[in-house]
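Geometric and topological summary
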Amino acid sequence: MTFRKILSLVIIMALLPIAAFSQKDKKGTVKDSREYVDLGLPSGTLWATCNIGASKPEEFGLYFAWGETQGYTSDASDEHQFIEGNYKWLETDCTNPVLMKYCISWSGIIDNKKELDPEDDAATVNWGRKWQMPSLEQIKELCDSTYTTAEWTTLNGVNGRKITSKKNGNSIFLPATFFTRFPKSTPIHSPEGAYWSRTLYTDDSDAVSLYFFKNVSFFDSHTPRYHGLSVRPVRTQKQKSGKKKIDKNETEEDVFMMVPVEVPLPK
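Below: a short report on this structure. Because the structure is predicted, anything quoted here is derived from the model rather than measured. (Residues numbered from 1 in each chain as written. Predicted model: local features only at pLDDT ≥ 70, side-chain atom pairs only at ≥ 80, totals over all residues. Heavy atoms only, no water.)

Notes on the sheet that holds strand β8 (residues 158-165)
Adjacent strands of a sheet form backbone hydrogen bonds with each other and so pair up, either parallel or antiparallel. Operational definition: Strands pair, by our definition, only if DSSP identifies at least two bridges between them. For helices the rule is a DSSP run of H or I covering at least 4 residues; for strands it is a run of E covering at least 2, with both sets numbered from the N terminus onward. Fitting a line to C-alpha atoms yields each axis, with helices limited to the stretch in contact; the angle taken between N-to-C directions then spans 0 to 180 degrees.
Spatial strand order, β7-β8-β9: three strands in an open sheet with antiparallel pairing. Edge positions in the sheet fall to β7 (148-155) and β9 (171-175), since each of these pairs with one other strand and no more. Across the sheet, the mean angle from the axis of one strand to that of its neighbour is 25°, orientation sign disregarded.

Next up, the structure:
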């Protein structure tokens, strides 16, 4: 095989992750094909219509430990257990287990990281650089009755909460996924939902999560990082100032694309 053929093969392999979550328009511009909803929120946050690993709003999708990018199904054949000893960022080969990353206290190697790096964000790695797991602030905004209403409902036979914008009437559906992929020792409760944020809790053994119950609306809480929760990605909409000119080397989509930060594409 010639050097040119080898180089071509390397380039093709490098582009494969892009094709997995994007498509090209008629002009050849790579576009993200994931669907999202504009709820008219002040931050400009756009919420995905589905969980990671799901193709429909009512599907649970995959379950992730916080800071891990490998997701697992709820199928009985999937033997992965979300237990402390399996957690990626916990060193257990010592008398007192210590956190190896995302530590702000005495419980491990202190790095003072309070939000996930892109390479540890399940949304970014699985869906591409335009997407992130929501922050604590974005969760609070979604749950704020000033901007949205929430109701317990059923979509295609699946229980969950429908969140509707007071500004434009658009809505998203979050299926009740809680406890489906928790450790077997966890007691089963009434149908409820729990979703990860990308924000570390003040006790760094936990991370911030979004909870909801049938009879209780939303609230931000915290969950042990090794537990398996669903992820509903977000992206943010840049404000059009009307003053920025499009550079000759970038498309209009590049200028106004809805992305919180530029991060490396997953390898």
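Structure shown, so let's carry the discussion forward.
A look at the sheet that holds strand β3 (residues 36-38)
Threshold: A contact between two residues is defined here by any heavy atoms of the two lying within 4.5 Å.
As summarised here, the arrangement of the three strands in space is β3-β4-β13, forming an open sheet in which the pairing is antiparallel. Of all strands in the sheet, those with a lone pairing partner are β3 and β13 (234-236), marking the two edges. Between one strand axis and the next, the sheet turns by 30° as a mean value, whatever way the strands run. Along the sheet, helix α3 (residues 136-143) contacts β4 (45-48) and β13; its crossing angle with β4, the most-contacted strand, is approximately 85°.

Some thoughts on the side chain of R161
Quick reminder of the rule: Only protein chains enter the accessibility calculation, which uses a 1.4 Å probe. A residue is then buried if its area is under 20% of the maximum for its type, exposed if over 50%, and partly exposed in between. Counting rule applied: Lys, Arg positive; Asp, Glu negative; His and chain ends not counted. The salt bridge definition used is simple: a Lys or Arg side-chain nitrogen within 4 Å of an Asp or Glu carboxyl oxygen. Here a polar contact means two N or O atoms within 3.5 Å. Within protein one must be a hydrogen donor candidate and the other an acceptor candidate, and residues neighboring in sequence count only if both atoms are side-chain atoms.
Here R161 lies in strand β8. Buried charge without a partner: R161 forms no salt bridge, and the closest opposite charge is E151, 7.6 Å away. A distance of 3.2 Å separates the side chain of R161 from the backbone oxygen of K214, its partner in a polar contact.

Quick look at the pattern of salt bridges
Following the criterion strictly, the structure yields five salt bridges and no others. The partner of E119 in a salt bridge is K101, and the shortest N-O contact between them spans 3.8 Å. Placement of the pair is E119 in the loop between β6 (98-99) and α2 (122-127) and K101 in the loop between β6 and α2, with a sequence separation of 18 residues. Residue class for K101 comes out buried when judged on its relative accessible area of 12%. In this structure, K101 and D120 form a salt bridge, with 2.7 Å as the shortest nitrogen-oxygen distance. In this pair, K101 is assigned in the loop between β6 and α2 and D120 in the loop between β6 and α2, connecting sequence segments 19 residues apart. A relative accessible area of 3% means that D120 is categorised as buried. Salt bridges linked by common partners bring K101, K113, D117, E119 and D120 together as one network.

Quick look at unusual backbone geometry
Positive phi, close to 60°, is recorded for N112, a residue that is not glycine. Along the chain, N112 falls in the loop between β6 and α2. Even without glycine at this site, N156 takes up a positive phi of about 50°. Tracing the chain through its elements places N156 in the loop between β7 and β8. A relative accessible area of 63% means that N156 is categorised as exposed.

A closer look at the packing of aromatic side chains
As a reminder, the rule being used: Centres within 6.5 Å are what make two rings of Phe, Tyr or Trp a pair, Trp counting through its six-membered ring; a difference in plane orientation under 30 degrees is then read as stacked, over 60 as edge-to-face, and the rest as tilted. A positively charged side chain is recorded as over a ring if its NZ (Lys) or CZ (Arg) lies within 6 Å of the ring centre. The angle to the ring normal must also be within 35 degrees.
For the coordinates displayed, the defined rule picks out seven aromatic pairs. For R235, the ring lying beneath its charged end belongs to W131, and the centroid distance is 5.0 Å.

Let's talk about the pairing of strand β12 (residues 219-224)
When strand β11 (residues 206-213) meets β12, the two strands line up antiparallel, connected through six bridges. Bridge pairing in β12 places A207 opposite T223. Hairpin connection, β11 to β12: the antiparallel pair is bridged by five residues.

Section: the environment of L99
With respect to the secondary-structure elements, L99 resides in strand β6. Considered as a pair, L99 and I110 are eleven residues apart in the sequence and their alpha carbons are 8.4 Å apart. Not counting the four nearest positions on each side in its chain, L99 is found in contact with Y87, W89, L90, S107, G108, I109, D204, S205 and R225.

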